[in-house]
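Topology and contacts: notes
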Amino acid sequence: MHDANTKSGLFTPGNIITGIILAVGAVITFIRFTQGIGAVTNLSDNNPWGIWIGFDLLCGVALAAGGYVTSASCYLFGMKRYHSAVRPAITTAFLGYFFVVVALHYDLGHPLRLPYPLVYSQGTTSLLFEVGLCVATYLSVLFVEWSPAALEWLGLRKIRNVVVKLTIMLTIFGVVLSTLHQSSLGALFLIAPGKLHPLWYSSFLPVFFFISSMVAGLSMVIFEGTLAHAGLHHKMDETHLKEAEGVIFGFGKAASFVLAGYFFIKTMDIAMDNDWAYLGTSYGAWFLVEMFGFVALPSFLYALGVREKNVTLVRIASINAVLGIVLNRFNVSLIAFNWNLPAADRYFPHWMEIGVSVFIVTLIITVYRFIATRMPVLYEHPDYKDAH
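Residues numbered from 1 in each chain as written. Predicted model: local features only at pLDDT ≥ 70, side-chain atom pairs only at ≥ 80, totals over all residues. Heavy atoms only, no water.

1. Points about the packing of helix α12 (residues 282-307) against helix α13 (residues 311-335)
Close contact between α12 and α13 brings their axes to 8 Å; oriented N to C, the two are set at 155 degrees. Looking at the two axes, α12 sits roughly antiparallel to α13. The chirality of how α12 crosses α13 is left-handed. Taken together, the residues of the contact of α12 with α13 sort by class into 17 nonpolar, seven polar and one charged. (Axes fitted to C-alpha atoms, helices over the stretch in contact; angles between N-to-C directions. Helix = DSSP H or I, 4+ residues; strand = E, 2+ residues; numbered from the N terminus. Parallel < 35°, antiparallel > 145°, perpendicular 65-115°, else oblique. Left-handed = near helix turned anticlockwise from the far one by under 90°. Nonpolar A, V, L, I, M, F, W, Y, C, P; charged D, E, K, R; others polar.)

Okay, here's the thing in structure tokens:
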């Protein structure tokens, strides 16, 4: 009877789909690292960066911003009512950054040279050097911030107590590093004013990327909380369940304000560069879809949901905002990039490129489930009550 239950629990539709994705991803990985990057991508001299940068890196780093946003809210701004959201956010951020680095190995022609900018040939005037240095350092910081959950699980009390005392310092360091590399990812595109469409190109791209990363962080905390409540509700303690609604409304309110500010400064940027004429083109119509459908709309839905105390509406707004971040990064790096090229020379990802991205996301979800079901992430360990 026990074996039958185990089998039925193991071969669920979700697990079967996950297994298929991981198997296909493993095959593509083998092809990539035995036959080269050209065997699995549609990259070219016109488009040396594709979906692995646009989605895996730009979206991955932005959507992992919940770590610095939540820890700063709780530990730097004293909003202790959001404490239950810190560990899930830090766990998601750590996994997000870790798998961004994993995904980068696929994109590099010589993946073993990933550490070169840090240890062999420092291009200190390069934005990519700054991004690489900050991401590598912040990944280390996130690992230390996340480690108390693993240390409590392993029963290593002394090491855990030392790490907990470093919380404030790590949080400050994390916010500084996040500010630097979130903005620098936008600054990477400043060198391509002739390639990026004027509606998306701006000297303020670093500011736009940083402010939108705040939206991504706030929205992802709500979104991932929604998924955790649906799939891992039984792992949550009373404190987590009790504080969940406060986190949703608090972060929803903040996201509404940040989105409104983002909409305002983007409008000001169009006015400063006098790009109004482009709004009448097909690219202009697409830009308006992004601005009204994925910036103004989620801002309004967040505000309405918080005012009406409607949890469902705030959760819908979080999904809308997360999709908006993905759309914006795609627009900047892929859709509005090389906009003057003829259609035949434009980039469209190979199915294996998409397969690798789905593979990476599935790995993140699988590892998160493993951690959340075994370690004190969604609940407070009964033997460690000083986490506050």
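2. Points about helix α3 (residues 51-63)
Along its 13 residues, α3 runs just 16 Å from first to last C-alpha, ending more than 12% under the 18 Å computed at 1.5 Å per residue. For α3, a buried count of 12 out of 13 residues is recorded, marking the element as mostly surrounded by other parts of the structure. Where α3 is concerned, the buried positions are I51, W52, I53, G54, D56, L57, L58, C59, G60, V61, A62 and L63. (Expected span 1.5 Å × (residues − 1). Buried < 20%, exposed > 50% of the residue type's maximum accessible area, 1.4 Å probe, protein only.)

3. Description of the packing of aromatic side chains
If you walk through the whole model with that rule in mind, you get 20 aromatic pairs. Judged by centre distance (5.9 Å) and plane angle (65 degrees), the rings of W52 and Y106 are edge-to-face. In this pair, W52 is assigned in helix α3 and Y106 in helix α5 (residues 86-107), connecting sequence segments 54 residues apart. Across the pair, Y106 and W52 agree in class, each one buried. A ring pair is formed by F263 and F292, whose centres lie 5.4 Å apart and whose planes are at 70 degrees; its orientation type is edge-to-face. Of this pair, F263 sits in helix α11 (residues 238-273) while F292 sits in helix α12, and the two are 29 residues apart along the sequence. Connected via pairs of aromatic rings, a cluster forms that spans F94, F98, F99, F143 and W146. Positioned above the aromatic ring of F249, the side-chain terminus of K309 is 5.0 Å from the ring centre. Above the face of the F209 ring, R329 is positioned so that its terminal group lies 4.0 Å from the ring centre. (Phe/Tyr/Trp six-rings, centres within 6.5 Å; stacked < 30°, edge-to-face > 60°. Lys NZ or Arg CZ within 6 Å of the ring centre and 35° of its normal.)

4. Points about the side chain of S219
Tracing the backbone shows S219 in helix α10 (residues 205-231). What S219 contacts, discounting residues up to four positions off in sequence, is Y302, S318, A321 and V322. (Contact = heavy atoms within 4.5 Å.)

5. Here's the deal with the state of the cysteines
Counted according to the given criterion, the structure contains zero disulfides. Summary of cysteine pairing: C59 is not part of a disulfide, and the nearest cysteine sulfur, belonging to C134, is at 20 Å. Judged by relative accessible area, C134 falls into the buried class, the value being 5%. (Disulfide = S-S within 2.5 Å.)

6. Considerations on the environment of T171
Within the secondary structure, T171 sits in helix α9 (residues 167-187). When the C-alpha positions of T171 and V69 are compared, they lie 9.6 Å apart, and in sequence the two are 102 residues distant. When sequence neighbours within four positions are dropped, the list of residues in contact with T171 reads S71, A72, Y75, L76 and E145.

7. Digging into a nonpolar patch on the surface
Together, L10, F11, I16, I20, V24 and W351 make up an exposed nonpolar region whose accessible area comes to about 640 Å². The greatest single-element share of the nonpolar patch, amounting to three residues, is contributed by helix α2 (residues 13-35). Here I20 shows up in helix α2. For I20, a relative accessible area of 51% gives the class exposed. (Patch = residues over 30% accessible without salt bridge, like charges linked within 9 Å, V, L, I, M, F, W, Y side chains within 5 Å. Areas by Shrake-Rupley, 256 points an atom, 1.4 Å probe, with all protein chains shown as cover. Salt bridge = Lys/Arg side-chain N within 4 Å of Asp/Glu carboxyl O.)

8. Some points on the pattern of salt bridges
Should the charged atoms of two oppositely charged side chains come close, the side chains can pair. The tally for this structure, following the rule as stated, stands at three salt bridges. Salt-bridge contacts for R87 lead to E152; the nearest nitrogen and oxygen are separated by 2.7 Å. Residue R87 is located in helix α5, and its partner E152 is located in helix α7 (residues 127-154); the two are separated by 65 residues in the primary sequence. E152 sits in the buried class, given a relative accessible area of 3%. Across the pair E152 and R160 runs a salt bridge whose closest N-O atoms are separated by 2.9 Å. Accessibility expressed as a relative area gives 0% for R160, which makes it buried.

9. Focus on the packing of α9 against α10
Where α9 meets α10, the axes come as close as 7 Å, and the angle between the chain directions of the two elements is 130 degrees. When the interaxial angle is binned, α9 and α10 end up oblique. Handedness of the crossing formed by α9 with α10: right-handed. Residues S178, T179, Q182, S183, L185, G186 and A187 of α9 touch α10, and the partners they reach there are L205, P206, F209, F210 and S213. Here the residues of the contact of α9 with α10 sort into six nonpolar, six polar and no charged.

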